[in-house]
Amino acid sequence: MLLNIKDLHVSIDGKEIIKGLNLSINKGEIHAIMGPNGTGKSTLAAAITGREGYEITKGEILYNGKSILDWTPDQRANEGVFLSFQYPIEIPGVSMTNFMRTAMNAKREYKNLPPMQAGEFLKKMEEKKKLVDINAKMTNRSVNEGFSGGEKKKNEIFQMAMLEPELAILDETDSGLDIDALKVVANGVNQLKSEDNGFLVITHYQRLLDYIIPDFVHVMFEGRIVKSGGKGLALELEEKGYEWLKEPYAG
Amino acid sequence: MSDKKKENTALEEVTSGEYKYGFVTNIDSDQAPKGLSEDIIRYISEKKDEPDWLLEFRLKAYRHWLTMDEPSWAHISHPPINFQNIIYYSAPKQKKKLNSLDEVDPELLQTFDKLGISLEEQKHLAGVAVDAVIDSVSVKTTFQETLKKHDIIFCSFSEAVKNHPDLVKKYLGSVVPYTDNYFAALNSAVFSDGSFCYIPKGVRCPIELSTYFRINAANTGQFERTLIIADDESYVSYLEGCTAPMRDENQLHAAIVELIAHDNAEIKYSTVQNWYPGDKEGKGGIYNFVTKRGLCKGHHSKISWTQVETGSAITWKYPSCILRGDYSVGEFYSVAVTNNYQQADTGTKMLHIGKNTTSTIISKGISAGRSNNSYRGLVRVAKNAKNARNFSQCDSLLLGDKCGAHTFPYIKTGNPTAIVEHEATTSKISDDQLFYCQQRGIDMEKSIGLIVNGYAKEVLNKLPMEFAVEAQKLLAITLEGSVG
Ligand SMILES: Nc1ncnc2c1ncn2[C@@H]1O[C@H](COP(=O)(O)OP(=O)(O)O)[C@@H](O)[C@H]1O
Ligand SMILES: [Mg+2]
């Protein structure tokens, strides 16, 4: 099993946000998580990637069968966990090329491999840029600096394509994208998808799931997964909205 | 007589007495006794076989120094310096040759490795005897030949005094007079050696001049003197220092650098300063009190200072430009990093005197640990300096919450046509940025290095290519262990 989350509880500043969440993902699967705003989807992504300040008070996260709770964020990344950020961060003065090369070589160092040859690296950049249809000039610019919303999201997928993760988490990568950009993002995911990796696609709308076909859809509400199903569940949600979720919890 | 003067005269009497006594026994040795007096200065001058005018220059400087007080306005603090406890002259000695790198401090070697300095180079820097003819020797020869072809003079200061006395006499102290400040007066009295460079009319120096390649550069000591003259229509790029960590037993360093650019001439002066900053508690580092100033003497002349300051326990340094020629241009690009208990008070002065003069100041301060980093800048526009323009950008980056960043911009405009712009920002490395990098597999320290280098990019880009690469690594190394 690629990812196995058992009874996970996560607190921020002492406030419990995730309240006993279970989720397992096998290699070759795409899982979608849907749910209203503020329900803890990004918190889940932060907990899996090891962000500081997200305290795991109970439960377990197993990645390829090993507990990763003690691993640093960079170790998790180098072991193949990738997060496409809901809000990508700007790093002024650091070119995308430099950033990517540093990241690629960090991973290679972690795997005891020598740094990648410049030529090989640039070739790979070219190839992956085509995949996500990003502007050639973009890689000379500073990381996310002055990028439009769509460019930022495409840039996340570009990085994912470069780093070839085993587990990719996409946190609302579709939000704010027009239909063309959405197709590009979906295309990126579909090209990368294989029997050796898994995806966790966090989304608000079922729209993305027309292009990335999930094997499983989970509905998250108030820190828990309250319903799981197949692709049909996404359509159902689209029709009914999230209001019905609140009812059983009302009282 | 003021109390201060009385005290100084008394001090002088006492010390010169002591000195005379010690002198007899020391006359044949290669080292002056501790302390400072007129006799010590005569001794230095005699040892160096200097002409009378230079001895006079030294003595005047010394007498002036006695009347001065150590400045206390900088945003730094240190225990008082005992100037009588310093040896002001010792003959250039070969460093003790070591037989192999095994004899070198492993920590130093680690740093060399991180900087990517080649093994041969490491040996050279650490003072290990190298038996094979290493590259740098042949490089040096080609280097000297190229200079000769263009009639460029590049030699030690002492050699210049001997071989080009007229040039030295004409320009020495013309930009930084010995009356300028306390440490300038001290340097003028006791300077040991340094570099001299003259670029003749119309010559574009085809290579970067670096002290590293200068023959006889060994052991210039703690009171260094540099004089660079670019004659009409000439160009030179000069590199000072090196990214390898420099250790020195002398705690106090007080250098002077004077630059003179004639009509249409350009001087680009780049420094990477990496003196020993002291240990993590701040013990034992170098005090670096430097006076650097360039005179844009001719019309359309240009002087640019680029500095990367990472070392020293205390840095006190304001590379400046006097824009006397019409249409002259002054530039200052600086990255100053402080960590642990380091203190840096650095900045620049741009004095607009000629008409249509322009200056640009880009300063990036980075503080970590418990360090203090101050920018102090003065932009002054003289009454007749029509159409002067200045743009200043002073940014501070803080790592952690125990360090300090301070900005002291002074602007004095005496002409209504002047346009002076000043921008300042203070920021912190954000957790978001760090996490973003880490999520891509880059560890915490490398992430900090990456972000800091990005922050300093504008300045690093001004450095000559090879220097820039080393400087980037140096920034990252300086900040190791500063977070987490
Ligand atoms: N850094 C934080 N500090 C404090 N509260 C937070 C932080 N991040 C998220 N929260 C809170 O946790 C809850 C879940 O947020 P989030 O995981 O971002 O939800 P979602 O991604 O599902 O919209 C919200 O109530 C939000 O206010
Ligand atoms: Mg979210």
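Note that residues are indexed from 1 along each chain, following the sequence as it is written. Whichever chain is written first is A, and whichever ligand is written first is 1; the rest continue in order. Reporting of local features is limited, given that this is a predicted model, to residues whose pLDDT is at least 70; pairs of side-chain atoms are given and counted only at 80 or more, and all residues count toward the totals for whole chains, interfaces and linings. Water and hydrogen atoms were dropped before computing side-chain values, which therefore reflect all heavy atoms in the structure.

Caption draft 1: Region of the structure containing helix H6 (residues 179-192) of chain A. All names here are of chain A. The end-to-end C-alpha separation of H6 is 20 Å, in line with the 20 Å expected for 14 residues at 1.5 Å each. Remark: exposure states derive from per-residue accessible area (1.4 Å probe, protein chains only) relative to the maximum for the residue type, with buried under 20%, exposed over 50%, and partly exposed in between. Under the DSSP-based scheme used, a helix requires at least four consecutive residues in state H or I and a strand at least two consecutive residues in state E, with every element numbered from the N terminus. Residues of H6 that are buried: Ala181, Leu182, Val184, Val185, Ala186, Gly188, Val189 and Leu192. In this description, contact between two residues means that some pair of their heavy atoms is separated by no more than 4.5 Å. Elements in contact with the buried residues of H6: helix H4 (118-131), helix H5 (149-163), strand S9 (167-171) and strand S10 (198-203). What a helix should span is 1.5 Å times the count of its residues minus one.

Caption draft 2: Region of interest: the pattern of salt bridges. Any carboxyl oxygen of Asp or Glu that lies within 4 Å of a side-chain nitrogen of Lys or Arg is treated as forming a salt bridge with it. Within this structure, the stated rule accounts for 24 salt bridges over all chains. Between Glu90(A) and Lys152(A) there is a salt bridge, with its nearest N and O atoms 3.5 Å apart. Pair noted here: Glu90(A) is in the loop between strand S6 (81-84) and strand S7 (91-95) and Lys152(A) is in helix H5, with a separation of 62 residues, a long-range link. Among the residues examined, Glu90(A) registers a relative accessible area of 34% and is labelled partly exposed. Of the charged contacts in the structure, one is a salt bridge between Arg225(B) and Glu258(B), with a shortest N-O distance of 3.0 Å. With Arg225(B) in strand S4 (residues 224-230) and Glu258(B) in strand S7 (residues 256-261), this pair connects stretches of sequence that are 33 residues apart. Note on accessibility: Arg225(B) and Glu258(B) belong to one class, buried.

Caption draft 3: Summary view of the coordination of the magnesium ion (ligand 2). Residue and element names in this part refer to chain A. Only Ser42 (OG) and Gln86 (OE1) from the protein coordinate the magnesium ion (ligand 2), and they sit 2.1 to 2.3 Å from it. One end of the pair, Ser42, is in helix H1 (residues 41-49); the other, Gln86, is in the loop between S6 and S7, and 44 residues separate them in sequence. Under the relative-accessibility criterion, Ser42 is labelled partly exposed at 31%. Because no water is among the atoms considered, metal sites can look incomplete, with donors defined as N, O and S atoms within 2.8 Å of the metal, or 3.2 Å for Na, K and Ca.

Caption draft 4: Looking closely at the domain arrangement of chain A. All names here are of chain A. Split by domain assignment, chain A resolves into domain 1 (1-23 + 34-46 + 54-70 + 213-232 + 240-251) and domain 2 (73-173 + 187-195). These domain boundaries are the output of an automatic or database domain assignment. Relative to domain 2, the C-alpha centre of domain 1 lies at a distance of 26 Å. Contacts between domain 1 and domain 2 engage 11 residues on the former and 11 residues on the latter. Accessible area that two parts lose when put together, evaluated with a 1.4 Å probe and summed over both, is termed the buried area. In this assembly, domain 1 packs against domain 2 so that about 950 Å² is buried in total across both faces, 50% of it on carbon and sulfur atoms. If you sort the residues of domain 1 by the area they bury against domain 2, Ala45, Tyr63 and Ile68 come out on top, with a joint share of 45%. Across the contact surface, domain 1 and domain 2 share 0 salt bridges. Nitrogen and oxygen atoms within 3.5 Å of one another constitute a polar contact, given that in protein one can donate a hydrogen and the other can accept it, and given that sequence-neighbouring residues count only through two side-chain atoms. One can count 6 residue pairs in polar contact (both at pLDDT 80 or more) joining domain 1 with domain 2.

Caption draft 5: Broad picture of the packing of aromatic side chains. Residues and elements named next belong to chain B. Paired rings are identified among Phe, Tyr and Trp, the last through its six-membered ring, by centres lying within 6.5 Å, and are further divided according to the angle between planes into stacked (under 30 degrees), edge-to-face (over 60) and tilted (the rest). Per the counting criterion, the structure on display carries 18 aromatic pairs over all chains. Centroid distance Trp65 to Phe83: 5.4 Å. Interplanar angle 80°. Geometry classified as edge-to-face. Of this pair, Trp65 sits in helix H3 (residues 52-66) while Phe83 sits in the loop between H3 and helix H4 (106-115), and the two are 18 residues apart along the sequence. Classification of Phe83 by relative accessible area gives buried; the value is 8%.

Caption draft 6: Structural view of the interface of chain A and chain B. Every contact between the two is made by 30 residues of chain A and, on the other side, 18 residues of chain B. In this assembly, chain A packs against chain B so that about 2100 Å² is buried in total across both faces, 63% of it on carbon and sulfur atoms. Taken together, chain A and chain B are joined by 3 salt bridges. Between Arg51(A) and Asp432(B) there is a salt bridge, and its shortest N-O distance comes to 2.8 Å. At the boundary of chain A with chain B, the tally comes to 13 residue pairs in polar contact (both at pLDDT 80 or more). Elements with a minimum of two residues in the side of chain A that touches chain B: helix H2 (73-78), S6, S7, helix H3 (96-110) and H5 of chain A. The element contributing the most residues to the side of chain A that touches chain B is H3(A), with 6 residues. Note on residue categories: nonpolar means Ala, Val, Leu, Ile, Met, Phe, Trp, Tyr, Cys or Pro, charged means Asp, Glu, Lys or Arg, and polar means any other residue, Gly included. Of the residues that constitute the side of chain A that touches chain B, the class distribution is 16 nonpolar, 9 polar and 5 charged.

Caption draft 7: A look at the site of ligand 1. Residues and elements named next belong to chain A. Around ligand 1, the neighbouring residues are Ile12, Lys15, Ile17, Pro36, Asn37, Gly38, Thr39, Gly40, Lys41, Ser42, Thr43 and Tyr54. Within the backbone of Thr39, an N or O atom sits 3.2 Å from an oxygen atom of ligand 1. When contributions to the shell around ligand 1 are tallied by element, the ones reaching two or more residues are strand S2 (15-25) and H1. For the shell around ligand 1, the element with the highest residue contribution is H1, accounting for 3 residues. For this purpose, a residue is taken to be near a molecule or strand whenever a single non-hydrogen atom of the residue falls within 4 Å of it.

Caption draft 8: Spatial organisation of unusual backbone geometry. Residues and elements named next belong to chain A. Of note in this structure, Glu164 is not a glycine but carries a positive phi near 45°. Tracing the backbone through its elements, the reader meets Glu164 in the loop between H5 and S9. Overall, Glu164 belongs to the partly exposed group, its relative accessible area being 44%.

Caption draft 9: Layout of a positive patch on the surface. All names here are of chain B. Judged by side-chain charge, Lys170, Lys201, Lys297 and Arg324 come together as a positively charged surface patch. Within the fold, Lys170 resides in helix H8 (residues 165-171). Since its relative accessible area comes to 57%, Lys170 is described here as exposed. Here, patches come from residues exposed beyond 30% relative accessible area and free of salt bridges, joined within 9 Å for like charges and within 5 Å for nonpolar side chains (Val, Leu, Ile, Met, Phe, Trp, Tyr). Throughout, the Shrake-Rupley method with a 1.4 Å probe supplies accessible areas, and for residues the shown protein chains are the sole cover considered. Residues scored as positive are Lys and Arg, those scored as negative are Asp and Glu, and His as well as the terminal groups of each chain are ignored. Charged groups are reduced to one reference atom each: NZ for lysine, CZ for arginine, CG for aspartic acid, CD for glutamic acid.

Caption draft 10: Focus on the side chain of Asp74(A). Note that Asp74(A) resides in helix H2. Buried charge Asp74(A) goes without a salt bridge, the closest partner of opposite sign being Lys446(B) at 8.2 Å. Excluding residues within four positions of it along the chain, Asp74(A) makes contact with Gln438(B), Gly441(B), Ile442(B) and Asp443(B).

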